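# Topology and contacts: notes
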Amino acid sequence: MSETVPHTELELPRVVRSSFWLYVLVFLSGIAALVYEISWTRQIGVLFGHTTQVAALVLASYFLGMAGGYSLGGRCAKRVHPLIGYALCEVVVAGWACVIPLLLALAEVSWLRPWLQAESGAGQLVARGLFTVLLLGPATCALGATLPFLAQYLDRDKQSSSRIAVAYAWNTIGALLGVIATATVLLVIVGVQSSSYLAAGFSALCACAAWGLSRRYEIGSREPITREASALPNLSPLFLSTSAPRLPTIYAAISGFGTLASEVLYTRLFSLVLHNSTHTFAMVIAVFLLGLALGSLLSAWLVKRFNAEQVIHSAAVIGGLLIPISVMLFMGWTRLEYFPLGESFAGYVGRVAGLAAIVMLPTATALGVMLPATWSLLSQSRHDAGRDVGDLTMVNTLAGAAGSLCSSFVILPIVGLWMSFGVVAGLFAILPLLRGVRTRHWGWLMLGVGVCVSTLPLWPGTARLSHAGPLIESWMTPLPHEQLVRRWETDYGWIDVTRDDRDGVLRIRQNRHYSYGSTGEDTSREQRQSHLPLLLHPHPREVLCLGLGTGLTAAGTLPHPEVQRTTVLELIPEVVDAARMLSAGNGGVVDHPKVDVRVDDARHYLATTDRQFDVIVADLFVPWESSTGYLYAVEHYQAAQQRLRPGGIFCQWLALYQVSPRELELIADSMAEVFPHTTLWWGHLSSNRPIVALVGSAIPLSISGPDVDERLSRLKETRQFADSLLTDSAALYELWLGDWPRRSGVRLNTNEHPRVEFLAPIAHGDRTILRRESLKIYYDEVLARLPREDVQIEPTAGQSLPRDVRWQRTILFPE
């Protein structure tokens, strides 16, 4: 057994060498931690639904486990060799990460499923919360415990707090790279579950390396100052001395709450002008993490030269001042207009990163200084690095979880986006104000007041609906002749109802740039999205519509006398209220007696309901929106197939101007994998904004001309139907583009490889989408050559069979 060698000046090169390798370990551990978080969120989303509530639940469970690990690790750090403790934690993480997919699969088929996937309510929330905490707890707790063990090992001399800050910075840089790698490569190429297995390999590698370092480098023998000797008596005033443990705890709590709340608010801010793919979301988060890493490095330098408490308060002042300045800078730069794509997707992502760096990086850097400086502040009064770092980081993490949840579900809905930034900036003003009161230093009081005054441009102005200050309102550039009727602050961003002053047309819009549609456009195209699949089914009694939007698609089911019940699913509750405001244009579909509108994730509903439908209509979804790609996955189509009655059909609408040939074929092949008879039908014959329907069924479609003509005649008598493309059965036949046969050996869009979500934004940014010339080329080479065998047609007497599809080309591309 080797003898522990006390620390001396001669050991410093050895310390430096061991610290370097520890930085490498925490860097790799940081990569793994973010890969875990993203992978687990998606895996749990498959079970519960991909909603913001589920994402928040996973994040809160992740933070809760990490916080427990910080506390537990701090209490164990002096009982074992820190590097051995670190290695054991990484082993637990790696092992449990491999178990989580198995437990999720078991939950999906076990007695737990009715509890976890029940209809929304308090019981469901509690059951899901307990399940998620227990599911992630062992791994996240072990992840959190690594930091106190690391701190204890690095606790060699009076410079230990700066080394811990540097290690924390490298861990954050690793997390940054983990976000980027997962969003750009791992999820789509390696796979969702497989990414967590890869991260487990990183954790196992860290465990082996830490174990090897523990055999090579011994820890020093510096005697710690006991807690009993360093802490003040319990009756000491809270702000009497910086040696009071409660004061650093307050700093850690404010830092955690304000930093995570700021991250949520900045993410929401950028969603107003970006197309919100996983790539752009990852870049925004990565820039914020970069700021935190730079702040930690800066803190390591500052606490060597200045008083730690002054560093904390100065960082709070600077961060508080920069928050409103950054918002005004964002507004002045973007004017809330859609961020232009540029020449390529790579260039677009680069410019998004540049904008994020200009807006967020200074603020995130200032906020990143606070937690490491708080560690240093506490170490000045007592010396138990593992426990000190563990306890303070636990408080910081719990407060961060509270800040993330409160900003999303409490502050934003109550005061709106702009004032939410003001609330968070005001939170950081508390520190200089308290210091000024405690020390009777007028300078700190004035700085605190200055932070509060800087938020004035964010205060609500004369327009109560926009929750914006007068200066920000002057920068907001609404569309010409547009008036905001109502705005909802939702978990998914702004939901607006606007009115055109010229003709009174109402429009529903999300985040200033994505329109759900309006009552003034050609509504027959949107209602055709119901009319066409209903006419393809001989007796459509029960209909399910995936997506509400303006309500016009679901309204297309109302005039059909055969339809007894229409169930409509909508993910965002506020969209239901917005659609109700368009009742004059959508026939009051939300409150119609034969319509049942439910707020739920489409995949979750299909997995939990026992109802059967004749027709399921999947509305137009933006394929590059984060997690939307799961609505084009093989598993989703399998769930839909199980909810169809015998002879039922599933209709998937696609906007070709949002996908390239690669994504179209991915979706079509994935659907044909489930439905042996998949056909393509035109919804909008236009080279600029073409729309098609993929119609899947277990048996070939059989269309009776006389029956369709009779049904169309009854529809016209209702005076609720007028469609120039569906005049009679012959017109319906001629919308048939062809069959999409099942192809073997092709890539599919699955839960494990959600390719559509990651490839569609690249096609959008690189302008390879199917419109105009690219559609013409693909039509001639592929679409016009599709087989036409899966539709059995019985024409009405006197009618001929459908013309050759070449007539469609003359409409799409008139010479």
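What counts as what
- Residues numbered from 1 in each chain as written.
- Predicted model: local features only at pLDDT ≥ 70, side-chain atom pairs only at ≥ 80, totals over all residues.
- Heavy atoms only, no water.
- Pairing = 2+ DSSP bridges.
- Helix = DSSP H or I, 4+ residues; strand = E, 2+ residues; numbered from the N terminus.
- Axes fitted to C-alpha atoms, helices over the stretch in contact; angles between N-to-C directions.
- Contact = heavy atoms within 4.5 Å.
- Expected span 1.5 Å × (residues − 1).
- Buried < 20%, exposed > 50% of the residue type's maximum accessible area, 1.4 Å probe, protein only.
- Polar contact = N/O pair within 3.5 Å; in protein donor to acceptor, adjacent residues only side chain to side chain.
- Parallel < 35°, antiparallel > 145°, perpendicular 65-115°, else oblique.
- Left-handed = near helix turned anticlockwise from the far one by under 90°.
- Nonpolar A, V, L, I, M, F, W, Y, C, P; charged D, E, K, R; others polar.
- Patch = residues over 30% accessible without salt bridge, like charges linked within 9 Å, V, L, I, M, F, W, Y side chains within 5 Å.
- Areas by Shrake-Rupley, 256 points an atom, 1.4 Å probe, with all protein chains shown as cover.
- Salt bridge = Lys/Arg side-chain N within 4 Å of Asp/Glu carboxyl O.
- Core = buried A, V, L, I, M, F, W, Y, C linked by side-chain atoms within 4.5 Å.

Time to look at the sheet that holds strand β4 (residues 514-518). In a beta sheet, neighbouring strands are held together by backbone hydrogen bonds and run either parallel or antiparallel to one another. Within the open sheet, the four strands sit side by side as β1-β2-β3-β4. Their pairing is antiparallel. Each edge of the sheet is formed by a strand with only one pairing partner; in this case those strands are β1 (482-490) and β4. Neighbour-to-neighbour, the strand axes of this sheet turn through a mean angle of 20°, independent of strand direction. When strand β2 (residues 493-500) meets strand β3 (residues 506-510), the two strands line up antiparallel, connected through five bridges. Residue pairing for β3: Asp496 is matched across the bridge by Arg509. Across the sheet, helix α19 (residues 573-581) is in contact with β1, β2, β3 and β4; its angle to β1 comes to roughly 155°.

Over its 25 residues, helix α7 (residues 192-216) extends 37 Å from the first C-alpha to the last, a length consistent with the 36 Å expected when each residue adds 1.5 Å. Those residues of α7 not exposed but buried are Val192, Ser195, Ser196, Ala199, Ala200, Ser203, Cys206, Ala207, Ala210, Leu213 and Ser214.

Residue placement: Gln152 occurs in helix α5 (residues 122-154). Among the polar contacts made by the side chain of Gln152, one reaches the main-chain amide nitrogen of Gly386 at a distance of 2.9 Å. Beyond its immediate stretch of four places on either side in the chain, Gln152 contacts Ala77, Lys78, Pro82, Asp384, Ala385 and Gly386.

Turning next to the packing of helix α11 (residues 308-334) against helix α15 (residues 442-454). At a minimum axis distance of 8 Å, the contact between α11 and α15 shows a crossing angle of 20°. One finds that α11 runs roughly parallel with respect to α15. Of the two possible hands of crossing, α11 and α15 adopt the one that is left-handed. Contacts between α11 and α15 pair Gln310, His313, Ser314, Val317, Gly320, Leu321 and Pro324 from the former with Trp444, Leu447, Gly450, Val451 and Ser454 from the latter. Of the residues that constitute the contact of α11 with α15, the class distribution is six nonpolar, six polar and no charged.

Next up on the list: a nonpolar patch on the surface. Nonpolar side chains collect at one region of the surface, where Val449, Val453, Leu456 and Trp459 lie side by side and expose about 350 Å² of accessible area between them. For Val449, the location among the structural elements is in helix α15. Given the relative accessible area of 41%, Val449 is considered partly exposed.

Reading across the sheet, the eight strands line up as β7-β6-β5-β8-β9-β11-β10-β13 and stay open at both edges, with mixed pairing between neighbours. Only two strands of the sheet have a single partner each, and these edge strands are β7 (595-599) and β13 (736-739). Neighbour-to-neighbour, the strand axes of this sheet turn through a mean angle of 20°, independent of strand direction. As paired elements, strand β8 (residues 613-618) and strand β9 (residues 644-655) share five bridges and run parallel to each other. Considered in β9, the bridge of Ile616 is made with Phe650. Contacts from helix α22 (residues 634-642) reach β5 (542-546), β8 and β9 within the one sheet, and its direction differs from that of β9 by about 145°.

As a further point, take the pattern of salt bridges. A full pass over the atoms with the stated rule returns 23 salt bridges. Glu757 serves as the salt-bridge partner of Arg42, at 2.6 Å between the closest nitrogen and oxygen. Taken together, the positions of Arg42 in helix α1 (residues 12-48) and Glu757 in helix α26 (residues 755-766) put the pair 715 residues apart, joining distant regions of the chain. With respect to class, Arg42 is no different from Glu757; both count as buried. The salt bridge partner of Glu309 is Arg438, with a shortest N-O separation of 2.3 Å. Placement of the pair is Glu309 in helix α11 and Arg438 in helix α14 (residues 385-439), with a sequence separation of 129 residues. Taking the relative accessible area as the measure of exposure, Arg438 reaches 24% and is therefore partly exposed. Several salt bridges converge on common partners, so that one network encompasses Glu562, Asp707, Glu710, Arg711 and Arg714.

With that out of the way, let us pick up the side chain of His677. Within the secondary structure layout, His677 lies in strand β10 (residues 677-684). Among all residues touching His677, those that are not within four sequence positions of it are Val695, Gly696, Ser697, Ala698, Ile699, Pro700 and Asp790.

Let us look at the nonpolar core. Counting residues in hydrophobic clusters, the biggest one holds 90 residues, and the most contacted among them are Leu536, Leu546, Ile616, Phe650, Trp681, Trp682 and Leu732. Counting 67 residues, the second-largest nonpolar core is a separate cluster that includes Leu22, Leu25, Val58 and Ala77.

Located in the positive-phi region is Arg335, a residue other than glycine, with phi close to 50°. On the secondary structure map, Arg335 appears in the loop between α11 and α12 (345-368). Owing to a relative accessible area of 35%, Arg335 belongs among the partly exposed residues under this scheme.

A word on the environment of Val622. You can see Val622 is positioned in the loop between β8 and α22. Residue Val622 is classed as buried on the basis of its relative accessible area, which comes to 8%. Considering only alpha carbons, one finds Val622 and Tyr514, 108 residues apart in sequence, at a separation of 9.5 Å. Ignoring anything within four residues of it in the chain, the contact list for Val622 reads Tyr514, Thr628 and Gln658.

With that out of the way, let us pick up the pairing of β4. The sheet contact formed by β3 and β4 spans four bridges and is antiparallel. In the sheet register, Ile508 faces β4, and the bridge partner there is Gly517. Where β3 folds back on β4, the antiparallel hairpin that results is connected by three residues, among which Asn511 adopts a positive phi of roughly 55°.

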